[in-house]
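Notes for the structure review
Chain residues, written in single-letter form:
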Amino acid sequence: MKGKKVLVTATNYSKLCANAKQLLLDNGCEIMENPYGRPLTFEELKEVVGSVDGVIAGVDTWNEQVFQLAPQLRGIARFGVGVDNIDLAAARKYGIQVTNVPRGNANAVAELAVGLMIAVRRSIPLLDHSTKNGGWDRFVGSELAGGTVGLLGFGNIAQLTAKKLKGFDVELIAYDKYPDAAKAAEYGVKLTTFEQVLTDSDIVSMHLPSLNETYHIMNDGAFSKMKSSAVFINTARGAVVDEQALARALTSGVIAGAAIDVYEAEPVSAGNPILRTRNLITTPHTAAETYETYERVSMVTAQALLDIFEGREPQHLLTPTA
């Protein structure tokens, strides 16, 4: 394994993943880290992938165009859960094993989802800004208790979100194409349709994956089905929401507010009109950014690459050859 070169495009690796980095170093790996603090572009990847044996990947795009330039690449360990930025079919074609870390960041994302629900219902960022600037705006907000929270998607993150919300005295409903009835019963969640989640919820929380069938699933029509007093939360993926439709829904009063952590193009441009929309709280795809997540995910991804280099099948393999 000595001399294997590992490219880490996930950010803050030395700072937050010291144990995982040491594990790789102890096993003879050479590590190249992302110096930019953001996803690498194709031009930046092109300069370094030719000599890389393994990747611990953030949300950069990994497709056939990149794989053609990486003849030594044997494994990509996704630093997280979602792999919509990785062409799995092309990876399999080039003999590249791809792994991820299911549930690795689920608790962190679920906690932020709940935090954003409270923040938008009580207008916390606006009140903080106003108070620090000499204002005394006694905004009248809404409580979570007594309302209905609808979860679009009911996978690991949504299930943990439901578990945390049980203590807030809310009614919980959820839509999922392949629902886990046992988990729904455990957390007191009523499984229902996509449309009913929209029409019945005071808070709609997005947890669907980014797929062809979910692209812009939240559009003008979907927002129009929501209550005018409802708020929308997205800690999933930017592509599932038509940002311009969300902006229209907010500015026209179709819905009362929103909080989003993800965007159609990331990092989000300062000129993106969505950032100037009122009644909107924004965070920079930071839902998984906790010390606990970095430690947990970094150790799993480092071990996955070591397993690949040693010819062992890694945990959470997404591109089996047989």
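The shown structure was predicted, so the numbers you read here are calculated from the model rather than taken from an experiment.

Scanning the protein chain from terminus to terminus reveals 13 helices and twelve strands. Over its C-alpha trace the protein chain gives a radius of gyration of 21 Å, about what one expects of a compact globule, namely 20 Å for 322 residues. In terms of overall dimensions, the protein chain has a C-alpha envelope of 60 × 50 × 35 Å along the principal axes. A buried classification covers 48% of the 322 residues belonging to the protein chain. A fraction of 62% describes how many contacts in the protein chain between residues 6 or more apart in sequence connect residues 24 or more apart. Element-wise, carbon and sulfur atoms account for 51% of the exposed surface of the protein chain, whose accessible area totals about 15000 Å². Charged side chains in the protein chain number 30 positive and 36 negative. The centres of these two groups are separated by 2 Å.

This next bit is on the UniProt feature "domain: D-isomer specific 2-hydroxyacid dehydrogenase NAD-binding" (unreviewed entry) in the protein chain. Within this numbering scheme, the UniProt entry marks residues 114-287 as carrying the feature "domain: D-isomer specific 2-hydroxyacid dehydrogenase NAD-binding" (unreviewed entry). End C-alpha to end C-alpha, residues 114-287 measures 11 Å, and it is 32% helix and 16% strand.

With that out of the way, let us pick up the layout of surface pockets. In this structure, the second largest pocket encloses a volume near 410 Å³. Contributing to the lining of the second largest pocket are 18 residues, with Val59, Asp84, Asn85, Arg237 and Glu264 lying nearest its centre. Looking at the lining of the second largest pocket residue by residue, the class counts come to six nonpolar, five polar and seven charged.

On to the environment of proline 267, then. Within the secondary structure, proline 267 sits in the loop between strand 11 (257-260) and strand 12 (280-282). Distance in space between the C-alpha atoms of proline 267 and tyrosine 294 is 20 Å, their sequence separation being 27 residues.

Attention shifts here to the sheet that holds strand 7 (residues 171-175). Sheets are built from strands paired through backbone hydrogen bonds, the pairs being either parallel or antiparallel. The strand order across the open sheet built from seven strands is 8-7-6-9-10-11-12, with neighbouring strands paired in parallel fashion. Unpaired on one side and paired on the other, strand 8 (189-191) and strand 12 mark the two borders of the sheet. Neighbouring strand axes in the sheet, compared pairwise and without regard to direction, differ in orientation by 20° on average. Looking at chain direction, strand 7 and strand 8 are connected through three bridges and run parallel. Within strand 8, the residue paired with isoleucine 173 across the bridge is lysine 190. Its contacts with the sheet put helix 6 (residues 106-122) on strand 6 (148-152), strand 9 (203-206), strand 10 (231-234), strand 11 and strand 12, and the angle it makes with strand 10 is roughly 150°.

For the rest of this paragraph, the subject is the nonpolar core. Membership of the largest hydrophobic core comes to 28 residues, with the highest contact counts inside it found for Leu152, Met218, Phe223, Met226, Phe232 and Leu246. Those elements giving two or more residues to this core turn out to be helix 10 (194-200), strand 9, helix 11 (220-225), helix 12 (243-251) and strand 11. It is helix 12 that provides the largest number of residues to this core, a total of five residues. Excluding its chain neighbours within four sequence positions, the residues that come into contact with leucine 246 are Phe223, Phe232, Val241, Ile255, Ala258, Ile260 and Ile274. Among the nonpolar cores identified, the runner-up in size contains 23 residues, and Val120, Leu165, Val170 and Ile233 belong to it.

Let's shift gears to the pattern of salt bridges. This model, assessed by the stated rule, comprises eleven salt bridges. For the salt bridge of glutamate 44 with arginine 38, the shortest nitrogen-to-oxygen distance reads 2.6 Å. Across the salt bridge formed by aspartate 307 and arginine 312, the nearest N and O atoms sit 2.8 Å from each other.

On to the sheet that holds strand 1 (residues 5-8), then. Spatially, five strands are ordered 2-1-3-4-5 in an open sheet, and the strand pairing comes out parallel. Every other strand in the sheet has two partners, leaving strand 2 (30-33) and strand 5 (97-99) as the edge strands with one partner each. Direction aside, neighbouring strands of the sheet carry axes that sit 15° apart on average. Both strand 4 (residues 75-78) and strand 5 contribute to a ladder of three bridges, which runs parallel. Among the inter-strand pairings, glycine 75 is bridged to a residue of strand 5, identified as glutamine 97. Packing of helix 2 (residues 18-26) onto the sheet brings it into contact with strand 1, strand 2 and strand 3 (54-57), and relative to strand 2 it is tilted by some 140°.

With that settled, consider empty space enclosed by the protein. Following the criterion strictly, the structure yields one cavity of 30 Å³ or more and no others. What the largest cavity holds in volume is close to 40 Å³. Looking at the largest cavity, the residues that line it are Asn234, Gly238, Val241, Glu243, Leu246, Ile260, Val262, Tyr263 and Glu264. Its residues assigned to classes, the lining of the largest cavity shows five nonpolar, two polar and two charged.

Structurally, proline 102 is set in the loop between strand 5 and helix 6. Along the primary structure proline 102 and alanine 174 are separated by 72 residues, whereas in three dimensions their C-alpha atoms are 20 Å apart. Ignoring any residue separated from it by four or fewer positions in sequence, one finds proline 102 in contact with Val81 and His316.

The rules behind these values
- Residues numbered from 1 in each chain as written.
- Predicted model: local features only at pLDDT ≥ 70, side-chain atom pairs only at ≥ 80, totals over all residues.
- Heavy atoms only, no water.
- Helix = DSSP H or I, 4+ residues; strand = E, 2+ residues; numbered from the N terminus.
- Rg over C-alpha atoms; globule rule 2.2 N^0.38 Å.
- Buried < 20%, exposed > 50% of the residue type's maximum accessible area, 1.4 Å probe, protein only.
- Contact = heavy atoms within 4.5 Å.
- Areas by Shrake-Rupley, 256 points an atom, 1.4 Å probe, with all protein chains shown as cover.
- Lys, Arg positive; Asp, Glu negative; His and termini not counted.
- Charge placed at Lys NZ, Arg CZ, Asp CG, Glu CD.
- UniProt positions renumbered as here; feature names shortened; annotations may be inferred.
- 1 Å grid on protein atoms, 1.4 Å probe; cavity = no way out; pocket = protein on both sides within 12 Å on 5 of 7 lines; lining within 4 Å.
- Points joined across faces, edges and corners; volume = space filled by probe spheres on them.
- Nonpolar A, V, L, I, M, F, W, Y, C, P; charged D, E, K, R; others polar.
- Pairing = 2+ DSSP bridges.
- Axes fitted to C-alpha atoms, helices over the stretch in contact; angles between N-to-C directions.
- Core = buried A, V, L, I, M, F, W, Y, C linked by side-chain atoms within 4.5 Å.
- Salt bridge = Lys/Arg side-chain N within 4 Å of Asp/Glu carboxyl O.

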